[in-house]
Amino acid sequence: MNTDEQEDCEAETSPTEGAFSEYEESEIENPEASRMKRAAAKHLIERYYHQLTEGCGNESCPNAWCASSGGFSRMDNNAAAVKALELYKVNAKLCDPHPSKKGTTSTYLESSSHSNSACSNSRMNHKDGHSVRDNFKEVNYLTEEKVYEILDICGEKEDYSPLIRVIGRVFSSAEGLVQSFRRSKPHTKEELKSLQGKDEDKDEDEKEAAATAMEEDSPASSSRLGEGSSGENDVQKLGPDEVSVDIEAVRRVYSRLLSNEKIEAAFLNALVYLSPNVECDLTYHNVYSRDPNYLNLFVIVMENNNLHSPEYLEIALPQFCKAMSKLPLPALAKLARLWSNYGAEQIRRMVETFQQLITYKVISNEFNSRNLVNDDDAVVAATKCLKIVYQANVLGGDLDMEHNEEEDEEPIPESSELTLQELLGEERRNKKGPRVDPLETELGIRTNDCRRPLIPFEEFVNEPLNEVLEMDKDYTFFKVETENKFSFMTCPFILNPVTKNLGLYYDNRIRMYSERRITVLYSLVQGQQLNPYLRLKVRRDHIIDDALVRLEMIAMENPADLKKQLYVEFEGEQGVDEGGVSKEFFQLVVEEIFNPDIGMFTYDERTKLCWFNASSFENDGQYTLIGIVLGLAIYNNCILDVHFPMVVYRKLMGKKGTFRDLADANPVLHQSLNELMDYEGSVEEDMMITFQISQTDLFGNPLMYDLRENGDKIPVTNENRKEFVAQYAEYMLNKSVEKQFKAFRRGFHMVTNESPLKYLFRPEEIELLICGSRNLDFLALEETTEYDGGYNRDSRIIKEFWETLHSFGEDQKRLFLQFTTGTDRAPVGGLGKLKMIIAKNGPDTDRLPTSHTCFNVLLLPEYNTREKLKERLLKAITYAKGFGML
């Protein structure tokens, strides 16, 4: 044995003060040997500590200093740490772990389950000629320094198999991985003394080793014994978005190791072995509640930049996602808070990892109505994991948690009638009110609180998944809320607006059918008149008076009737409402309501947007009825030609307008206030403005308003200009129209209060839902149009029709859409989502083309020439108004 080996073994087997003095003297001569001696001493003290706190597992153990011994008196963690030092000094007996302890879940430092001598670590002296193959058997958790040390030794020997075995052992063990890459915490002398008592003669290195052993390993005893004393205290020292793992160290280690293909394979194989055990731990052993440090292993694994590579997609990543999806809600929230501190690049990497898995599984399987994507465990688990990243993306973005609209003072009136379940004596299954996401509640945020996320929300949408999702089945799972069936509607961020709109359509239709059944039941039981629809009979020339008066009566008598299917009849016309008549009704109502001459809304010629008239003479009821109309349009799947700034939809979703919302609501004012904020001179002397502002009413008369009390006497200065800008925006977007908007919102919620609208859609998607797409892609419409009555894509008349339509101007194209579908807007998803049918309507004739707007059907005679086709079509779309029977 060489000299270095002798010194190493002496340090372990004869732990006297002289040995430590010798160790200190040799520190300058051989830093590596010094480090190894310290590690060996620390390891032995840790084993004594575990023996005192956990025992060896043998119930008949004769060792008096083993917790498994019958006569052993339990001691707290501090006392155990002190005693471990004393046993180390006298070289007391160490028990071999009993076999029953080796397979225990949720314990740290599997090194305690090995009977190898601690000398094996000390023999890692690369000066000798021994093979490295027999070393590192006691390495059961890793640090950055340990990885580099093993890597250097393996590099010198040109044999990386020991490192591969260590990685395989640690990364396949939940216990080892949780303990790995811990952040080091420096301890004060006072802390060390409190841990070890008044024994001032003890060496400082021994004290540090004991303190480290107690701090790092006490979670193991708490998780095994269910006490959690020291472990919980350790966690409490961490912030809500902090973990005990050194993330930067993990990233550096991955950066060095992943470039080696053989080592990368070790990570892959270890993850395959690790994941099922972790899933079992979380499902059956409740490990996180006993030791929150268990979260470390998820943090470490997710730092692997190669998770999205093909090798991981088949087995390793799906199993890991299933394990992560079993984390309890507090753990999911902590992960989201932690990841919210990451940059956009890291968030995007994690998103791509989970999206890659979802896309791979969707493409490699044939999902249909019999083989639902909802039943694929890997896709479901990856979606749940993606939800954590989504919430981190929201939390890490630009949040506005303060400016929230106040709730309505009066609750939305509910129907006095019983529901169908209550009539049948059953308990109501679905609670009224908007659905709430549990993770959002745990984090205390909503998606609408985020003004700008770390990465765009669109990157979370998975188009291949949307294409194979059976939305009728998914909606059923969403409403029933069973544990064994997953609904992607609970993760709306992954769905595109078209898919979400379909889910909303099912919700609206089912509610309509429910109201219809209740009405039929009432008519049978109580003999009431059968009225299953929300019927509106209106005169075309008095549409506002007739419609709003009728809606006002319904809102007062029985608001539940607003949730029946709308059926509109124009007086004196024969049209039967299968959807097309309702479309025209909404179109005409909107044209009248938003006419500036009515005075309820103002119109800005520069932005082409409408805003509430702060000095309107109309009462609150009129604005409530307009809100009802907007809600009915969504409820009946009709698109409206309304032009509100985005802040209106944000306010409908519960957020107040702020200065940044002025950018589209009033860009001129926004620019002026921006210039005020950026002005480098003296605002008070050069601009001479005060906290009093002026506006003009309908008749051009100036109206003065004080942003602060006695605002005309308070000058705006460089110091208070930020407050002035915020107060100005608050007045323009909130206070000045508070009465009108509250009434408008109340009417809107009368129809949508039980709808999943808020749960599924963001404000910009609400605008798309109400107004449709402004982009008219007639090439996409041509691709999706179907033909009937003898026409096909290659018919002469069809080719001439599309050539003619593509030659029209923008206004003429909108007239054609209005004529054929009942609205001049494209549906959610664009014209490609519009199912239009062109049917043959006889041979050449002088008759005009006609349409069924309810079903988007164009009846087109087979005109002889292209010129005649164009002339007849233009006349039909230009002068079309009213409905008749064909």
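To be clear, the structure that these remarks concern was listed above.
A brief structural summary.

Here is what the cut-offs are and how they apply
- Residues numbered from 1 in each chain as written.
- Predicted model: local features only at pLDDT ≥ 70, side-chain atom pairs only at ≥ 80, totals over all residues.
- Heavy atoms only, no water.
- Helix = DSSP H or I, 4+ residues; strand = E, 2+ residues; numbered from the N terminus.
- Buried < 20%, exposed > 50% of the residue type's maximum accessible area, 1.4 Å probe, protein only.
- Areas by Shrake-Rupley, 256 points an atom, 1.4 Å probe, with all protein chains shown as cover.
- Contact = heavy atoms within 4.5 Å.
- Salt bridge = Lys/Arg side-chain N within 4 Å of Asp/Glu carboxyl O.
- Core = buried A, V, L, I, M, F, W, Y, C linked by side-chain atoms within 4.5 Å.
- Polar contact = N/O pair within 3.5 Å; in protein donor to acceptor, adjacent residues only side chain to side chain.
- Phe/Tyr/Trp six-rings, centres within 6.5 Å; stacked < 30°, edge-to-face > 60°.
- Pairing = 2+ DSSP bridges.
- Axes fitted to C-alpha atoms, helices over the stretch in contact; angles between N-to-C directions.
- Patch = residues over 30% accessible without salt bridge, like charges linked within 9 Å, V, L, I, M, F, W, Y side chains within 5 Å.
- Lys, Arg positive; Asp, Glu negative; His and termini not counted.
- Charge placed at Lys NZ, Arg CZ, Asp CG, Glu CD.

### A word on the overall build of the protein
Link 1 in the chain: The helix and strand inventory of the protein stands at 41 helices and 12 strands.
Link 2 in the chain: Here the protein holds 886 residues, and the buried ones make up 53% of them.
Link 3 in the chain: When the accessible surface of the protein is split by element, carbon and sulfur atoms take 48% of a total near 41,100 Å².

### Describing helix α8 (residues 161-171)
Link 1 in the chain: Taken residue by residue, α8 has Ser161, Pro162, Leu163, Val166, Ile167, Val170 and Phe171 as its buried positions.
Link 2 in the chain: On its buried face, α8 is in contact with α7 (144-157), α9 (174-179), α13 (247-257), α14 (261-285) and α16 (296-302).

### Topic: the environment of Arg535
Link 1 in the chain: Tracing the chain through its elements places Arg535 in strand β3 (residues 533-538).
Link 2 in the chain: Look at Arg535 and you get partly exposed, because its relative accessible area is 40%.
Link 3 in the chain: Taking the C-alpha atoms as reference points, Arg535 and Tyr567, separated by 32 residues in sequence, lie 4.8 Å from one another.

### Quick word on the pattern of salt bridges
Link 1 in the chain: What the rule picks out here adds up to 37 salt bridges.
Link 2 in the chain: Here Asp398 makes a salt bridge to Arg660, at a shortest N to O gap of 2.7 Å. Here the residue Asp398 occupies a position in strand β1 (residues 398-399), and Arg660 occupies one in the loop between α30 (646-652) and α31 (662-665), the gap between them amounting to 262 residues.
Link 3 in the chain: With a relative accessible area of 24%, Asp398 lands in the partly exposed category.
Link 4 in the chain: Close ionic contact of Asp661 with Arg650 constitutes a salt bridge, the shortest N to O distance being 4.0 Å. Residue Asp661 is found in the loop between α30 and α31, and its partner Arg650 is found in helix α30; the two are separated by 11 residues along the sequence.
Link 5 in the chain: For Arg650, a relative accessible area of 7% puts it in the buried group.
Link 6 in the chain: Shared partners join several salt bridges into a network, and the residues in it are Glu458, Lys500, Arg762, Glu764 and Glu765.

### With respect to unusual backbone geometry
Link 1 in the chain: Positive phi values are uncommon outside glycine, yet Asn286 reaches one of about 55°.
Link 2 in the chain: One non-glycine residue, Lys608, adopts positive backbone phi at about 60°.
Link 3 in the chain: Its place among the elements puts Lys608 in the loop between β5 (601-604) and β6 (609-612).

### Thoughts on the nonpolar core
Link 1 in the chain: With 184 residues, the main nonpolar core has Phe171, Phe298, Trp339 and Phe585 as its most contacted residues.
Link 2 in the chain: Top contributing element to this core by residue count: helix α21 (residues 377-395), with 11 residues.
Link 3 in the chain: If we skip the residues at most four places from it in the chain, Phe585 touches Leu536, Val538, Ile543, Ala547, Leu566, Val568 and Phe570.
Link 4 in the chain: With 26 residues, the next largest nonpolar core counts Phe808, Phe819, Leu831 and Met836 among its residues.

### Notes on the environment of Arg451
Link 1 in the chain: Tracing the backbone shows Arg451 in strand β2 (residues 450-452).
Link 2 in the chain: It is 9.6 Å that separates the C-alpha atoms of Arg451 and Arg660, two residues lying 209 residues apart in sequence.
Link 3 in the chain: Every residue in contact with Arg451, bar those within four places of it in the chain, is listed here: Asp398, Asp400, Arg650, Thr658, Arg660 and Asp661.
Link 4 in the chain: Only 3.2 Å separates the side chain of Arg451 from the side chain of Thr658, close enough to count as a polar contact.

### Looking at the packing of aromatic side chains
Link 1 in the chain: Per the counting criterion, the structure on display carries 31 aromatic pairs.
Link 2 in the chain: Between the aromatic rings of Tyr254 and Phe267, the centroid separation amounts to 5.3 Å while the plane-to-plane angle is 50°, which identifies the pairing as tilted. Separated by 13 residues along the polypeptide, Tyr254 in helix α13 and Phe267 in helix α14 bring together distant segments of the chain. Accessibility classification places Tyr254 together with Phe267 in one group, the buried group.
Link 3 in the chain: For the pair Tyr390 and Phe460, a centre-to-centre distance of 5.2 Å together with 90° between the ring planes defines the contact as edge-to-face.

### Looking at the sheet that holds strand β9 (residues 786-788)
Link 1 in the chain: Strand order in the open sheet formed by 4 strands is β9-β10-β12-β11, with mixed pairing between adjacent strands. Looking along the sheet, the strands with just one partner apiece sit at the ends: β9 and β11 (850-852). Recorded for the sheet is a direction-independent mean angle of 25° between the axes of neighbouring strands.
Link 2 in the chain: Bridge analysis of strand β10 (residues 837-840) against strand β12 (residues 857-860) gives 4 bridges, and the strand direction is parallel.

### Considerations on the environment of Glu786
Link 1 in the chain: Residue placement: Glu786 occurs in strand β9.
Link 2 in the chain: For the pair Glu786 and Ile838, spaced 52 residues apart in sequence, the C-alpha to C-alpha distance is 6.5 Å.
Link 3 in the chain: If we ignore the near neighbours within four places in the chain, the residues touching Glu786 are Met836, Ile837 and Ile838.

### As for a negative patch on the surface
Link 1 in the chain: Side chains of Glu684, Glu685, Asp686 and Glu719 sit close together on the surface and give a patch of like negative charge.
Link 2 in the chain: Looking at where Asp686 falls in the secondary structure, it is placed in helix α33 (residues 683-687).
Link 3 in the chain: Here Asp686 falls in the partly exposed class, since its relative accessible area comes to 43%.

These values are about where atoms sit, not about what they do.
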